[in-house]
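Tertiary structure, described
Each chain, written out:
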Amino acid sequence: MKIGIIGAGKWGTALHFALLQKNEVYITSRHKHNLTNFVSLEEILTLEYLILVLPAQVIREWLQAHPLSPHHKVMLASKGIDIKTKKFLNQILEEYLPLNHLAFLSGPSFAAEVSKGLPTAVVVNSTNENLAKKYAAAFPDFMKAYISDDIVGAEIAGAYKNVIAIAGGICDGLQLGNNARAALLARGLVEMDRFAERFGAKKETFLGLSGAGDLFLTASSKLSRNYRVGLGLAQGKKVEEILKELGEVAEGVYTARAIYEIAKEYAIYTPIANEVYRILQGKDPKQSIIDLLERNENDSSNC
Ligand SMILES: NC(=O)C1=CN([C@@H]2O[C@H](COP(=O)(O)OP(=O)(O)OC[C@H]3O[C@@H](n4cnc5c(N)ncnc54)[C@H](OP(=O)(O)O)[C@@H]3O)[C@@H](O)[C@H]2O)C=CC1
Ligand SMILES: O=C(CO)COP(=O)(O)O
């Protein structure tokens with residue numbers, strides 16, 4: 001299969017390495033990168049099967065500036081929510097391409113480990129089963145690719161887990177212990193699922209790779225940029241300083257705000273995401289822990 005990757009950041013480069021095992025893969029980016037088959041955007045756009053791997057906040061403007069043609073099929077590999085429009089990334093892509101030309105990648109997949117050929121399992125989500133199978137078949141043997149049609153579930157899970165990962169980093173940075181982290185992740189998963197249910201997601205997506213799988217990975221490892229943002233916040237650093245030190249995208253910083261605003265609009269109970277948002281706005285993390293430990297009548301469900 002011939003594939004064109006747009007975005008040579010950490011994840012785009014890792015996917016390029018992985019997919020090259022079985023396919024003819026081309027890659028492009030804003031800046032020139034020293035990679036096999038690095039070509040111009042014009043050349044990439046002559047291909048039918050594309051993978052878009054840009055930070056979530058630039059997807060909308062990129063699509064506006066670079067119109068795709070009706071023959072393109074796109075698999076989105078980014079994880080986030082557009083904060084300006086408060087739209088999930090699938091909703092944004094659906095404005096530019098027919099739904100049956102779209103697929104969405106989810107699941108536990110640190111770029112650093114994929115780049116070393118270490119095993120993992122991912123999910124290709126699409127309402128077009130043939131398209132999902134086509135992209136899934138392109139993955140190398142060390143990446144087991146499942147397929148699903150729960151696009152909205154995968155998109156929300158991939159975005160939300162980054163916010164809980166920031167909370168995980170705060171929890172460990174404050175040395176609150178293993179019990180606290182397990183409680184946080186379990187309640188985080190219930191919260192993600194409750195939020196997503198409102199938008200028609202399937203529960204099983206949250207029990208599988210896209211939900212629990214990616215959440216447990218990201219919210220407990222220093223390989224995660226979002227977790228490292230949490231560690232920095234626990235040390236009392238300002239978010240601007242942490243992001244500057246990081247030098248890569250930490251989607252949870254923007255997604256926390258999007259979830260806070262969407263949850264308010266739809267009256268969804270999202271206590272952990274709300275506290276992450278408030279900490280990013282300058283609230284003392286220790287006060288957030290005290291507030292989260294207070295009993296609330298909404299907490300009695302799915303405990
Ligand atoms: N890293 C990982 O382990 C994983 C990441 N993801 C998701 O993939 C997405 C990308 O992450 P990742 O690759 O790690 O991020 P990086 O920060 O490593 O790279 C993002 C790349 O996007 C390009 N870019 C940035 N701004 C613009 C813009 N305005 N227009 C065009 N291109 C731009 C840059 O390319 P250039 O250098 O050429 O300018 C940059 O290198 C995120 O949503 C992330 O959550 C998903 C799974 C795993
Ligand atoms: O989504 C990821 C792994 O599946 C990467 O997480 P971070 O962006 O927090 O590094």
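Residues numbered from 1 in each chain as written. Chains lettered and ligands numbered in written order. Predicted model: local features only at pLDDT ≥ 70, side-chain atom pairs only at ≥ 80, totals over all residues. Heavy atoms only, no water.

Along the protein, the regular secondary structure elements total 15 helices and nine strands. Here the C-alpha atoms of the protein give a radius of gyration of 19 Å, agreeing with the 19 Å that 2.2 N^0.38 yields for 303 residues. If one aligns the C-alpha atoms of the protein with their principal axes, the spans along those axes are about 55 × 35 × 35 Å. Relative to its full complement of 303 residues, the protein shows a buried share of 54%. The centroid of the 34 positive side-chain charges in the protein is displaced by 3 Å from the centroid of its 33 negative side-chain charges. (Helix = DSSP H or I, 4+ residues; strand = E, 2+ residues; numbered from the N terminus. Rg over C-alpha atoms; globule rule 2.2 N^0.38 Å. Buried < 20%, exposed > 50% of the residue type's maximum accessible area, 1.4 Å probe, protein only. Lys, Arg positive; Asp, Glu negative; His and termini not counted. Charge placed at Lys NZ, Arg CZ, Asp CG, Glu CD.)

Our focus in this paragraph is the site of ligand 1. Surveying the vicinity of ligand 1 reveals 22 residues, the closest of which are Lys-10, Ser-29, His-31, Ala-111 and Glu-251. Within the side chain of His-31, one N or O atom sits 2.6 Å away from an oxygen atom of ligand 1. Considered on its own, ligand 1 offers 900 Å² of accessible surface; in the complex 85% of this is hidden by protein. Among the elements of the structure, α1 (10–19) and α3 (56–65) are those that each provide at least two residues to the shell around ligand 1. Residue composition of the shell around ligand 1, grouped by class: nine nonpolar, six polar and seven charged. When residues of the shell around ligand 1 are assigned to domains, at least three map to each of domain 1 (2–149) and domain 2 (160–293). (Near = heavy atom within 4 Å. Polar contact = N/O pair within 3.5 Å; in protein donor to acceptor, adjacent residues only side chain to side chain. Areas by Shrake-Rupley, 256 points an atom, 1.4 Å probe, with all protein chains shown as cover. Nonpolar A, V, L, I, M, F, W, Y, C, P; charged D, E, K, R; others polar. Domains from an automatic or database assignment.)

With that settled, consider the UniProt feature "binding site: substrate" (unreviewed entry) in the protein. In this numbering, the UniProt entry assigns the feature "binding site: substrate" (unreviewed entry) to Lys-79, Arg-225 and Asn-226. The greatest C-alpha distance among the annotated residues, which extend across 148 residues, is 12.8 Å, indicating that they converge on a single site. Assignment of secondary structure puts Arg-225 in helix α11 (residues 225–234). What makes Arg-225 partly exposed here is its relative accessible area of 26%. With respect to the helices and strands, Asn-226 occurs in helix α11. Taking relative accessible area as the criterion, Asn-226 reaches 5% and is therefore assigned buried. (UniProt positions renumbered as here; feature names shortened; annotations may be inferred.)

This part covers unusual backbone geometry. Although it is not a glycine, Lys-86 sits at a positive phi angle of roughly 60°. Among the secondary structure elements, Lys-86 is positioned in the loop between β5 (81–82) and β6 (87–88). Residue class for Lys-86 comes out partly exposed when judged on its relative accessible area of 30%.

A few words on the domain arrangement of the protein. Accessible area lost during the coming together of the parts is what is often quoted as the interface size. Parsing the protein into structural domains produces domain 1 (2–149) and domain 2 (160–293). Relative placement of domain 1 and domain 2: their C-alpha centres are 24 Å apart. Across the contact, 21 residues belong to domain 1 and 26 residues belong to domain 2. For the pair domain 1 and domain 2, the two sides together bury roughly 1,900 Å², of which 68% comes from carbon and sulfur. Of all residues in domain 1, Ile-83, Lys-86 and Phe-110 give up the largest surface area on contact with domain 2, accounting jointly for 33% of the area buried on that side. Seen at the junction of domain 1 and domain 2, the total is four salt bridges. For Lys-202, the salt bridge identified is with Asp-149, shortest N-O distance 2.7 Å. Summed over the shared surface of domain 1 and domain 2, the number is five residue pairs in polar contact (both at pLDDT 80 or more). When contributions to the side of domain 1 that touches domain 2 are tallied by element, the ones reaching two or more residues are α3 and β8 (120–125). Element by element, the count of residues in the side of domain 1 that touches domain 2 is highest for β8, at three residues. Its residues assigned to classes, the side of domain 1 that touches domain 2 shows 11 nonpolar, five polar and five charged. (Contact = heavy atoms within 4.5 Å. Buried area = accessible area lost by both parts, 1.4 Å probe. Salt bridge = Lys/Arg side-chain N within 4 Å of Asp/Glu carboxyl O.)

This brings us to the UniProt feature "domain: Glycerol-3-phosphate dehydrogenase NAD-dependent N-terminal" (unreviewed entry) in the protein. Per the UniProt record, "domain: Glycerol-3-phosphate dehydrogenase NAD-dependent N-terminal" (unreviewed entry) is found at residues 30–131. A distance of 27 Å separates the end C-alpha atoms of residues 30–131, which is 26% helix and 23% strand.

What follows is about the pairing of strand β3 (residues 49–52). Each regular strand displays side chains that alternate between the two surfaces of the sheet. Here β3 shows two buried faces, one formed by Tyr-49 and Ile-51 and the other by Leu-50 and Leu-52. In this structure, strand β1 (residues 2–6) lies alongside β3, joined through four bridges in parallel fashion. Residue pairing for β3: Ile-3 is matched across the bridge by Tyr-49. Sheet topology note: the β3/strand β4 (residues 73–76) ladder contains four bridges and is parallel. Considered in β4, the bridge of Tyr-49 is made with Lys-73. Following the chain from β3 across α3 to the adjacent parallel β4, one finds a crossover that is right-handed. (Pairing = 2+ DSSP bridges. Right-handed = clockwise from strand over helix to strand, strands pointing away.)

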